[in-house]
Amino acid sequence: MNTNNNLYTVIYTTLIVVVVAALLAFVSQSLKGKQEANEKADTISQMLTASGFGTKAEFQKMGNAAVLAKYADVIGQAFTVNAKGEKVSDLDLSKVYSPSELKRQNYNIKGTGTGEAELPVFIFKDGTTVVPIYGAGLWGPVWGYIAFEKNSNVIKGAYFDHESETAGLGAKIKDDPEFQHEFNGETADFAGTDVFSIVKGGAPKDANGKSLVDNKIDAITGATMTSQGLEAAIDTWLGTYAKYFLKTMEE
Amino acid sequence: MNAKLKETILNPIFKGNPITVLVLGICSSLAVTVTMKGALVMALSVIVVTGISSLILSLLRNTIPGRVRIIVQLVVVAMMVILVDQILKSFEATYAIDKQLSVYIGLIITNCIVMGRIEAFALGNEPWPSFLDGIANGAGYGMILLIVAFFRELLGSGTLFGIDILNWLGYVPNNLVILPPFALILLGCIVWVQRSIQKDLQEK
């Protein structure tokens with residue numbers, strides 16, 4: 001058989017690509033349910049970690065079912081708010097926002113999406129309020145969850161995740177608990193123009209290493225772009241939540 | 001088992017190891033060797049990809065048009081890599097590891113070992129030896145990965161497979177070991193050991 005014939009080459013490549021594409025589409029569709037369940041449990045464990053219910057490693061050990069049960073146990077209410085701080089609609093308590101949904105809302109915030117931004121607010125039974133943030137890191141999206149004390153702008157905890165930041169540098173936003181712990185006890189300046197800052201070269205500190213300015217923390221050494229991207233994500237999202245938080249703080 | 005088949009299996013494990021002798025797949029061996037678990041999953045993934053891609057392409061070898069053979073190889077390897085990635089994402093036990101390995105699972109496609117073995121072996125040999133050659137090369141790669149990961153996790157985190165080994169003795173984990181340069185130093189040491197055993201590799 002002459003395998004160097006043009007027609008043969010074209011038919012052969014077409015056939016192999018079609019077969020492979022069909023197989024992959026089939027596999028992707030049949031595994032989708034399981035993958036989404038894993039992603040959901042992962043998202044919930046990130047929210048729980050930010051809110052101080054445990055560490056990410058602990059939730060990983062618990063398994064999906066236990067994480068979901070724990071969440072159902074502690075979640076109080078969930079709803080969406082718009083940029084004016086008005087409540088839009090209630091959310092099903094079993095629903096969480098996947099990174100792809102956060103991405104859609106991120107377009108809405110920037111005015112390049114399909115509608116008005118409707119951002120989720122999750123309030124646990126103890127009053128801890130968790131909101132997501134989403135933005136662009138150096139290589140891909142970064143996102144995360146920031147938990148606030150009840151009706152306040154004091155940050156209780158934070159957890160961040162990323163798609164493809166550099167391991168050992170930008171990936172520290174996820175892997176380095178010390179970076180995430182820096183957020184604890186800081187405040188978001190919802191009334192001001194600069195909601196939160198991640199400062200290259202270090203935030204001002206006193207002699208004991210205690211942060212002097214409440215809404216500034218240290219950036220990650222060697223990961224300037226990721227730090228800047230994360231700061232922009234936090235500023236954009238918390239800026240959009242600002243009116244909602246200012247309202248709750250008055251109450 | 002005949003001698004040739006035995007040679008096919010044993011050669012990539014030591015004498016012709018893809019990492020230490022051919023110096024292929026260095027990038028991923030620096031990136032995914034921080035923990036034993038990650039290295040093990042990566043090693044198994046590469047074994048599956050090299051083995052099955054070699055088998056499929058060896059079965060197709062007489063039908064592949066010569067001018068587009070690299071493209072056909074790429075399509076098959078890419079398919080295998082995506083399949084592995086999708087399956088890892090689907091299980092609770094491997095989801096977190098897949099996330100941790102992130103891009104490196106997808107980057108198996110660029111691992112020269114896979115394409116190298118297909119081009120050099122699978123396209124000219126029967127399916128069964130090709131399959132074994134793929135598996136053996138993946139195993140040779142995986143073995144080095146696990147050796148490097150053993151030292152990096154033990155000295156860098158004081159644990160093995162996440163189980164505390166040194167920390168309870170008061171060991172302070174060495175952060176340098178976690179960083180990629182140390183993996184390169186370790187790899188260098190492994191190459192050194194191999195070359196001192198296997199004299200024919202030494203340049204005059």
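Okay, so let's go over this structure. Here the structure is a predicted model, which means the values were calculated and not measured.

Regarding its fold elements, chain B presents ten helices and two strands. The linear arrangement of helices and strands in chain B, starting from the amino end, is α-α-α-α-α-α-α-α-β-β-α-α. In terms of C-alpha radius of gyration, chain B reaches 18 Å, essentially the compact-globule figure of 17 Å for 204 residues. By principal-axis analysis of the C-alpha atoms, chain B measures approximately 60 × 50 × 30 Å. Looking at chain B residue by residue over its 204 residues, the buried ones come to 40%. A separation of at least 24 residues holds for 74% of the contacts in chain B among residues at least 6 apart in sequence.

On to the environment of F245 of chain A, then. Residues and elements named next belong to chain A. Positionally, F245 belongs in helix 7 (residues 224–250). As a C-alpha pair, F245 and D90 span 155 residues in sequence and 17 Å in three-dimensional space. Setting aside chain neighbours within four positions, we find F245 in contact with N153 and F190.

All names here are of chain B. In contact at an axis separation of 5 Å, helix 4 (residues 69–90) and helix 5 (residues 92–101) are set at 125° when each is read in the N-to-C sense. The angle between helix 4 and helix 5 falls in the class oblique. Contacts from D85, L88 and K89 in helix 4 reach T94, Y95 and D98 in helix 5. Classifying every residue of the contact of helix 4 with helix 5 by side-chain character gives two nonpolar, one polar and three charged.

A separate point is unusual backbone geometry. Residue and element names in this part refer to chain B. The backbone phi angle of V23 is positive, close to 55°, even though this residue is not glycine. With respect to the helices, strands and loops of the structure, V23 is situated in the loop between helix 1 (3–10) and helix 2 (26–31). For V23, a count of 12 C-beta atoms within 10 Å translates into the label exposed. Despite not being glycine, F161 has its phi angle at roughly 50°, a positive value. By the element assignment, F161 lies in the loop between strand 1 (159–160) and strand 2 (163–164).

Thresholds, definitions, all that
Residues numbered from 1 in each chain as written. Chains lettered and ligands numbered in written order. Predicted model: local features only at pLDDT ≥ 70, side-chain atom pairs only at ≥ 80, totals over all residues. Helix = DSSP H or I, 4+ residues; strand = E, 2+ residues; numbered from the N terminus. Rg over C-alpha atoms; globule rule 2.2 N^0.38 Å. Buried ≥ 20, exposed ≤ 12 C-beta atoms within 10 Å, placed from the backbone. Contact = placed C-beta atoms within 7 Å. Axes fitted to C-alpha atoms, helices over the stretch in contact; angles between N-to-C directions. Parallel < 35°, antiparallel > 145°, perpendicular 65-115°, else oblique. Nonpolar A, V, L, I, M, F, W, Y, C, P; charged D, E, K, R; others polar.

These figures come from the coordinates and say nothing about function on their own.
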